[in-house]
Amino acid sequence: MLYNDPKTFREDMLRGYVAAYPDYVVEVPGGVARATKMPEGKIAVINGGGSGHYPAFCGIVGDGFMDGTVVGNVFTSPSTEDVLGVARSVDNGRGIFIVGGNYAGDKMNFNMARDRLVGEGVDCRSFYITDDVAAAKAEEKEKRRGNVGTFMVFKAAGAAAAAGVSFDDLVRITEKANERTRTMSMGFRGCTLPGEAAPLFHVPEGKMEIGQGIHGEPGVGEDDLRPAAEVARILVDRVLAEAPADDSKRIAVILDGLGSTKYEELFVVWGTVRGLLEDRGYTLVEPLVGEYVTSLDMEGIALAVEFLDDELETFWSAPCDTASFRKGASSMAAGERKVYAESVEAAETFEEGSEASNAAADGIVDAFARMQAAIVDAEDDLARIDGVAGDGDHGRGMVKGSTFAADAAKAARERGAAAGSVLKEAGRAWAAKAGGTSGVLWGSALEAAGEVVGDQAESYDASLAAKAVKAAYERMLSLGGAHRGDKTMLDVLIPFGEELEAQAAEGRSLRDAWSVAAEVAQKSAEETANLVPKVGRARPAAERSLGTPDAGAVSMALCIRAALGPGRPA
């Protein structure tokens, strides 16, 4: 894969993308927005997710489709601040509709941004797509993730907004499109992140992955590699198995190459797919064969269908004009260009902290530096562990988060921040710049801890540290929906906090209490190998993770140990 620096792949990609299509998109804080003004009174519709999926998601910005896209790091949720940046750029005064895939990090960050916008008086709503039939059974379809069918739901939302429907109708139409869309996928070779030498997951010779996700998640099972006609039959059988009761027998169809499957191969499969669909009485409405939702260089194939009614068919066939996808007459390049204001960040000032708080702040800055160094050393191991049942990006995400946090902590301390403010600034930087599920959880947890620690305490002991850790994991519990035993970082942070509290009750010093609790954290991380994930991207491949500890739990224990350091812990 071509890149300059893996750490700046997203930024370099966006710079080149807007340079390639200046009539369609401009770069705004957090992603891209349409280059031309929207019609008066139009509801702004934005989507988002990690990069690596072009032309979805940022390639479909323009008339009749998305008004903006929030672009995260590769396969990583954009941060809350990224979502706010794009939303504010396209706000047209009528409201903002945020549409994304059903992934924990996307939902947390998008919903936090939505709630902040609502608090500012903006009518903002969100919706998450669940088209991947391999990700959960029909009776648990709310657990399904977004897959190639997201393209169809995005199209319905974009076309409906362009038609000037009310906000209530826009939500209803999007919900209906999602309810009537199904996707099934097959993987033949894993995708490779920029800078990595090996794919995120390995498909054995002569095998194929059944139902892998678009972020490189391995599938829910393996089967022998089949001829194209048999692959086509598996795909068709699965997406038609959940046809709605009021099936009109008219469907929109996408046969998608996931990054490295050649068009000629897709055409071979399509010949069988079309025949099978028509043999079962379906009329295909403007079907698409090509690349619409990719996964970097993944070799695979996906079939998505949308069971149309008259309303959905109108929106599927409606004209649109974007850099990567066009229907009908082009009008975008001739539109009036919108001028976007540059965002200016004011440097925050901090109140003077107590003597004890300033001394603790120095220790916290040192702790973040040690954490960052430890995570950098462990990046490859964390990626390998995460790749067993997840998408393999945990190592890189933790490197970004810990680096931004360490830099922010140091900068805040240099501007006079005391202990609580240093923690909060580190948390804000981690959440805003790292993105992803772990980014928002780590960031919010650090902010919660900082609120407890404060800047004016006269002493910083094990009891205060235990209260801060409890606030951190309670914030994670409230945000992520995970619980102890779900095979997440909480399976480390909660027992660590409980042991820290017990040690404090016995009168142990902060360092001694932290040292004992860190051993509990390490043991707890190792014991997650006996659990199966119940939330997150690893859940559909849960059984594969047995015998392997959770990557988030491992990195949490590593950070706890690193924070202890050679001297007094933070």
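Just so we're clear, the structure is a prediction, and the values are computed from it rather than from any experiment.

About the thresholds
- Residues numbered from 1 in each chain as written.
- Predicted model: local features only at pLDDT ≥ 70, side-chain atom pairs only at ≥ 80, totals over all residues.
- Heavy atoms only, no water.
- Domains from an automatic or database assignment.
- Contact = heavy atoms within 4.5 Å.
- Buried area = accessible area lost by both parts, 1.4 Å probe.
- Salt bridge = Lys/Arg side-chain N within 4 Å of Asp/Glu carboxyl O.
- Helix = DSSP H or I, 4+ residues; strand = E, 2+ residues; numbered from the N terminus.
- Buried < 20%, exposed > 50% of the residue type's maximum accessible area, 1.4 Å probe, protein only.
- Axes fitted to C-alpha atoms, helices over the stretch in contact; angles between N-to-C directions.
- Parallel < 35°, antiparallel > 145°, perpendicular 65-115°, else oblique.
- Left-handed = near helix turned anticlockwise from the far one by under 90°.
- Nonpolar A, V, L, I, M, F, W, Y, C, P; charged D, E, K, R; others polar.
- Expected span 1.5 Å × (residues − 1).

Observations regarding the domain arrangement of the chain
According to the domain assignment, the chain contains domain 1 (6-322) and domain 2 (355-564). Counting residues at the interface gives 36 residues for domain 1 and 26 residues for domain 2. Summing both partners gives a buried area of about 2,300 Å² for domain 1 against domain 2, and 51% of it is carried by carbon and sulfur. For the interface between domain 1 and domain 2, the tally reads one salt bridge.

Re the environment of Leu464
Looking at where Leu464 falls in the secondary structure, it is placed in helix H13 (residues 462-480). Assessed through its relative accessible area of 15%, Leu464 is described here as buried. Considering only alpha carbons, one finds Leu464 and Arg484, 20 residues apart in sequence, at a separation of 23 Å. In contact with Leu464, not counting residues within four places along its chain, are Val452, Val453, Ala457 and Ser459.

Concerning the packing of helix H9 (residues 355-386) against helix H10 (residues 394-414)
Contact pair H9 / H10: the axes reach a minimum separation of 7 Å and the direction vectors enclose 165°. Between H9 and H10, the angle falls in the class roughly antiparallel. Crossing angle aside, the handedness with which H9 passes H10 is left-handed. When the residues that make up the contact of H9 with H10 are grouped by side-chain class, the tally is 13 nonpolar, six polar and six charged.

Some words on H10
Two residues of an α-helix separated by three or four positions point the same way, owing to the 3.6 residues in each turn. Between its first and last C-alpha atoms H10 spans 30 Å; for 21 residues at 1.5 Å apiece the expected length is 30 Å, and the two agree. With its phi angle positive at about 100°, Gly416 sits one or two positions after the end of H10.

Describing unusual backbone geometry
Cis peptide bonds are those with omega within 30 degrees of zero, and the linkage from Tyr54 to Pro55 qualifies with 10°. Residue position: Pro55 is located in the loop between strand E3 (44-51) and strand E4 (62-63). Looking along the chain, the bond that leaves Ala56 and enters Phe57 is cis, with omega of 15°. Residue position: Phe57 is located in the loop between E3 and E4. The phi dihedral of Phe75 falls on the positive side, at around 60°, and the residue is not glycine. Take Phe75: it is sitting in the loop between strand E5 (68-74) and helix H2 (80-90). Judged by relative accessible area, which is 0%, Phe75 ranks as buried. In this structure, Leu296 is a non-glycine residue whose phi angle is positive, near 55°. Inspection of the secondary structure puts Leu296 in the loop between strand E13 (288-290) and strand E14 (299-307).

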